[in-house]
Amino acid sequence: MTETHELKMPAPQPPLQIGMVLYPGLTTLDLIGPQNVLAVHAETHLLWKTRALVTSDTGVSIQPTATFSDCPDDLDILFVPGGIGTTEAMADREILQFLRDRGPRSRYVTSVCTGSLILAAAGLMQGYKATTHWAMRHILEAFGVECVHARVVVDRNRISGGGVTAGIDFGLTLLALLRGEDVAKLTQLMLEYDPAPPFRAGTPEAAGPELTQRLVSFLEPHEQAMRKVAAEMSSSASGLPS
């Protein structure tokens with residue numbers, strides 16, 4: 001008698017509802033890395049004030065699929081990317097109000113790179129551990145957030161990724177929480193995500209002081225602008241813009 005093995009497929013689940021906030025000057029890879037990881041399992045809402053194209057910090061334009069006003073009320077994942085436009089987004093009343101409205105109702109509140117600074121400006125990261133791009137960690141700390149030097153930080157329902165390429169690691173970490181480790185592993189295999197960079201220069205420790213200082217100098221105008229906004233917000237009684 002021949003033994004047969006039945007292939008048991010997982011029961012279908014409703015798609016995750018993901019709201020990904022857009023703003024001028026965002027970093028495309030901050031957004032696309034996580035979205036690519038999660039896309040098969042989710043309905044993605046690319047959110048902005050209007051349906052007009054939003055231009056990233058590299059000049060690539062992104063088409064919003066929904067506005068802040070017609071975004072679903074309850075999201076499984078609320079996500080904010082980072083980018084050169086972070087400073088303006090940190091002080092944008094409409095962005096902050098949207099985040100304050102949807103954040104408490106979202107299953108997970110998340111970010112990659114300096115997106116965590118925007119969440120902090122909205123008052124959604126205080127009392128949680130988080131991370132951001134290595135060059136801006138001190139600004140996150142200025143908001144009263146415990147900044148952890150890690151690729152991905154999970155603290156209850158707050159999940160944050162480090163700079164830019166950490167978005168893929170972030171996405172896989174989140175996918176494992178929501179759909180299980182096997183699904184995350186299969187997705188990693190599908191993406192052939194097996195990093196083998198040509199240089200060891202992806203962190204200040206690996207790059208060394210000379211290269212690090214050159215990049216710090218390049219980023220200094222953006223760092224100063226973000227620090228100013230953070231200081232203004234932190235000096236108010238509530239820690240939020242008036």
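Only a predicted model underlies this, so the values are computations on that prediction, with no experimental measurement involved.

Asker: Could you give an account of the layout of surface pockets, naming the residues involved and the relevant values?
Answerer: Its volume calculated, the largest pocket comes out at about 1,200 Å³. Listing elements by their share of the lining of the largest pocket, those giving two or more residues are helix H6 (166–179), helix H8 (204–207) and helix H9 (209–235). Among the elements that take part in the lining of the largest pocket, H9 stands out by supplying 8 residues, more than any other. For the lining of the largest pocket, a count of residues per class yields 22 nonpolar, 14 polar and 6 charged. The calculated volume of the second largest pocket comes to roughly 210 Å³. At the level of secondary structure, the elements contributing two or more residues to the lining of the second largest pocket comprise helix H1 (28–38) and helix H7 (181–190). Considering every element that reaches the lining of the second largest pocket, the biggest residue donor is H7, with 4 residues.

Asker: Let's hear about H9: which residues, and what values?
Answerer: Residues spaced three or four apart along an α-helix point in a common direction, a consequence of the helix completing one turn every 3.6 residues. With 27 residues, H9 extends just 33 Å between its outermost C-alpha atoms, more than 12% less than the 39 Å of an ideal straight helix rising 1.5 Å per residue. The principal kink in H9, of about 55°, is found at Glu220, preceding the proline Pro221 by one to four residues. Among all positions in H9, only Thr212, Leu219, Glu223, Met226, Val229, Ala230 and Met233 are buried. Elements in contact with the buried residues of H9: helix H2 (86–90), helix H3 (93–102), helix H4 (115–121), helix H5 (137–142) and H8.

Asker: Any chance you could break down the environment of Ile77 for me, citing the residues and the numbers?
Answerer: Secondary-structure assignment places Ile77 in strand S6 (residues 77–80). Sequence-wise, Ile77 and Glu223 are 146 residues apart; in three dimensions their C-alpha atoms are separated by 28 Å.

Asker: An account of the sheet that holds strand S2 (residues 42–48) is needed here, citing residue identities and associated values.
Answerer: Spatial ordering of the open sheet is given by S5-S2-S1-S6-S7-S11-S10, a layout of 7 strands whose pairing is mixed. Here the strands that pair on one side only, and so sit at the sheet edges, are strand S5 (66–67) and strand S10 (152–155). Taken together, the 2 bridges between S2 and S5 define a ladder with parallel strand orientation. For Trp48, the partnering residue across the bridge sits in S5 and is Thr67. Across the face of the sheet, H3 comes into contact with strand S1 (16–21), S2 and S6 while running at roughly 155° to S6.

Asker: Tell me what's going on with H3, and back it up with residues and numbers.
Answerer: Along H3, the positions that sit buried rather than exposed are Ile95, Leu96, Phe98, Leu99 and Arg102. Viewed along the axis of H3, the buried residues span an arc of 160°, placing them on a single side of the element. Buried residues belonging to H3 abut S1, S2, S6, H2, H4 and H9. Two or three places before Glu94, at the opening of H3, Asp92 has a side-chain oxygen 3.0 Å from that residue's backbone nitrogen.

Rules of the game
Residues numbered from 1 in each chain as written. Predicted model: local features only at pLDDT ≥ 70, side-chain atom pairs only at ≥ 80, totals over all residues. Heavy atoms only, no water. 1 Å grid on protein atoms, 1.4 Å probe; cavity = no way out; pocket = protein on both sides within 12 Å on 5 of 7 lines; lining within 4 Å. Points joined across faces, edges and corners; volume = space filled by probe spheres on them. Helix = DSSP H or I, 4+ residues; strand = E, 2+ residues; numbered from the N terminus. Nonpolar A, V, L, I, M, F, W, Y, C, P; charged D, E, K, R; others polar. Expected span 1.5 Å × (residues − 1). Bend = angle between axes of the 7 residues up to and from the residue. Buried < 20%, exposed > 50% of the residue type's maximum accessible area, 1.4 Å probe, protein only. Contact = heavy atoms within 4.5 Å. Pairing = 2+ DSSP bridges. Axes fitted to C-alpha atoms, helices over the stretch in contact; angles between N-to-C directions. Arc of directions from axis to C-beta. Polar contact = N/O pair within 3.5 Å; in protein donor to acceptor, adjacent residues only side chain to side chain.

By themselves, these figures tell us nothing about what the structure is for.
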